[in-house]
Amino acid sequence: MKIIIHGGFFSESSTSHETKVAKQNALLRIVKDSYEYLKTHSAVETVVYAVSLLEDDELFNAGIGSQIQSDGKIRMSASLMDGTTQKFSGVINIEEVKNPIHVALELMKVDDRVLGGSGATDFARQHGFEKFSTEIPQRRAEYEAKLAATGTGTVGCVALDSNGNLAAATSTGGKGFEIPGRISDSATVAGNYVNEFCGVSLTGVGEDIVSNATAAKIVTRVTDGFSLDKAFEKTFAELKPYDGFAGAIAIDKNGNMFHQDSHPSMVFASYDGEKEEVFG
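Being a predicted model, the structure only gives us computed values, none of them experimental.

Quick notes on the overall build of the protein chain
Logical step 1: Of the regular secondary structure elements, the protein chain holds eight helices and twelve strands.
Logical step 2: In summary, the protein chain has a C-alpha radius of gyration of 17 Å against a globular reference of 19 Å for 280 residues, a match within 12%.
Logical step 3: For the C-alpha atoms alone, the extent of the protein chain along its principal axes is close to 50 × 45 × 35 Å.
Logical step 4: Across the 280 residues of the protein chain, 54% fall into the buried class.
Logical step 5: The contacts in the protein chain between residues at least 6 apart in sequence include a share of 67% that link residues at least 24 apart.
Logical step 6: Working note: accessible area of the protein chain is about 11,500 Å², and carbon and sulfur atoms make up 49% of it.
Logical step 7: Charge separation in the protein chain, taken as the distance between the mean sites of 26 positive and 38 negative side-chain charges, equals 2 Å.

As structure tokens, then:
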């Protein structure tokens, strides 16, 4: 059993040492809590659980603490993929729900598994997800002062369960001040993809990640026989011509874990029951 999570990017120039330590502690707590959960749950259940914990922590830009768009509203996206069934579900630009990843999980039960905008929000209401504001004072202050965000905030999880099954989940609160209707990578196979061979979750600038089809490329290359590190090496090299901004976490079917970013520094943590790793 293995689990790895990420919480977007960290900027030394705009974030305090105290915040860095807080994120390290939060990620280690969440990855270990989620590993305990993985002991008695499937990979799919666990990635949803881990991402929901990240959504509930205002240190990260997903769920509570999501960025505010240019019209003053918060719209979030999240997706889930099961490596065994190859089912993908997601919500795009959903409003006023506490945990978008839980709505993505609910969508696994229906045929129309990716919903956007008001359709996603209506589906959530019809399935018992109460209206909930994810805005925090910090985000409102940033918006009102027009402090442009870096556009690199997302959370995600990849897990390998005791049966050898893989799953991946990703959630984002957006890049902040974007045009309403903008679609990020988080609810696409460019940002969240898994099959029986490998699972990947991305964070970074959504447009760069979609242009590179990053998650799908890494998984496809592992499926075709690349080692995990070589799949990352080739795929991240393809971001360089346009200075693509991305970070990724992954686990393959053999339990190998890997992470890489194109710009410093993605915040992440991993745990296998014995060895822990957290961003430095």
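With respect to helix H8 (residues 228-237)
Logical step 1: Burial in H8 covers these residues: Leu 228, Ala 231, Phe 232, Thr 235 and Phe 236. Buried residues in H8, looked at end-on, bunch into an arc of 115°, giving them a common side.
Logical step 2: Buried-residue contacts for H8 involve strand S8 (198-204), helix H6 (206-212), helix H7 (214-223), strand S9 (246-252) and strand S10 (257-261).

Some thoughts on the nonpolar core
Logical step 1: Within the largest apolar cluster, 77 residues are counted, with the highest numbers of intra-cluster contacts made by Ile 5, Leu 27, Leu 80, Ile 94, Ile 101, Val 103 and Val 200.
Logical step 2: When residues in this core are grouped by element, the largest group, seven residues, is from helix H2 (residues 43-55).
Logical step 3: Leave out the neighbours within four places in its chain, and Ile 94 touches Ile 74, Arg 75, Met 76, Pro 100, Val 103, Ala 120, Thr 121 and Ala 124.

A short note on empty space enclosed by the protein
Logical step 1: Enumeration according to the criterion identifies two cavities of 30 Å³ or more in this entry.
Logical step 2: Looking at the second largest cavity, the residues that line it are Gln 69, Arg 75, Met 76, Ser 77, Asn 93, Thr 172, Gly 174, Glu 178, Arg 182 and Ser 184.
Logical step 3: Partitioned by chemical class, the residues of the lining of the second largest cavity number one nonpolar, six polar and three charged.

Concerning the sheet that holds strand S12 (residues 276-278)
Logical step 1: Strand order in the open sheet formed by eight strands is S4-S3-S2-S6-S5-S1-S11-S12, with mixed pairing between adjacent strands. Edge positions in the open sheet fall to strand S4 (114-116) and S12, since each of these has one partner strand only. In this sheet, neighbouring strand axes are inclined to one another by 5° on average, regardless of whether the strands run parallel or antiparallel.
Logical step 2: Bridge count between strand S3 (residues 88-94) and S4: three bridges; the pairing is parallel. Bridge pairing in S4 links Gly 90 to Val 114.

As for unusual backbone geometry
Logical step 1: A cis geometry characterises the amide bond from Pro 264 onward to Ser 265, with omega recorded as -15°.
Logical step 2: Here Ser 265 shows up in the loop between S10 and strand S11 (266-271).
Logical step 3: The backbone phi angle of Asn 93 is positive, close to 55°, even though this residue is not glycine.
Logical step 4: With respect to the helices and strands, the residue Asn 93 is situated in strand S3.
Logical step 5: Residue Asn 93 is classed as buried on the basis of its relative accessible area of 9%.

Thoughts on the packing of H7 against H8
Logical step 1: Remark: H7 packs on H8, axes separated minimally by 9 Å, with the N-to-C direction vectors making an angle of 140°. Taken together, the axis directions place H7 and H8 in an arrangement best described as oblique. For the pair H7 and H8, the crossing hand works out as right-handed. Residues Thr 214, Lys 217, Ile 218, Arg 221 and Val 222 of H7 lie in contact with H8, whose contacting residues are Leu 228, Ala 231, Phe 232, Lys 234, Thr 235 and Phe 236.
Logical step 2: Along the lines of polarity and charge, the residues of the contact of H7 with H8 split into six nonpolar, two polar and three charged.

Observations concerning the pairing of strand S2 (residues 76-82)
Logical step 1: For S2, a buried count of seven out of seven residues is recorded, marking the element as mostly surrounded by other parts of the structure.
Logical step 2: Where burial is concerned, the two faces of S2 agree: the one with Met 76, Ala 78, Leu 80 and Asp 82 and the one with Ser 77, Ser 79 and Met 81 are both buried.
Logical step 3: Bridging between S2 and strand S6 (residues 166-172) involves six bridges; their strand directions are antiparallel. The residue bridging Met 81 from the neighbouring strand is Ala 168, located in S6.

Reading the values: the criteria
- Residues numbered from 1 in each chain as written.
- Predicted model: local features only at pLDDT ≥ 70, side-chain atom pairs only at ≥ 80, totals over all residues.
- Heavy atoms only, no water.
- Helix = DSSP H or I, 4+ residues; strand = E, 2+ residues; numbered from the N terminus.
- Rg over C-alpha atoms; globule rule 2.2 N^0.38 Å.
- Buried < 20%, exposed > 50% of the residue type's maximum accessible area, 1.4 Å probe, protein only.
- Contact = heavy atoms within 4.5 Å.
- Areas by Shrake-Rupley, 256 points an atom, 1.4 Å probe, with all protein chains shown as cover.
- Lys, Arg positive; Asp, Glu negative; His and termini not counted.
- Charge placed at Lys NZ, Arg CZ, Asp CG, Glu CD.
- Arc of directions from axis to C-beta.
- Core = buried A, V, L, I, M, F, W, Y, C linked by side-chain atoms within 4.5 Å.
- 1 Å grid on protein atoms, 1.4 Å probe; cavity = no way out; pocket = protein on both sides within 12 Å on 5 of 7 lines; lining within 4 Å.
- Points joined across faces, edges and corners; volume = space filled by probe spheres on them.
- Nonpolar A, V, L, I, M, F, W, Y, C, P; charged D, E, K, R; others polar.
- Pairing = 2+ DSSP bridges.
- Axes fitted to C-alpha atoms, helices over the stretch in contact; angles between N-to-C directions.
- Parallel < 35°, antiparallel > 145°, perpendicular 65-115°, else oblique.
- Left-handed = near helix turned anticlockwise from the far one by under 90°.

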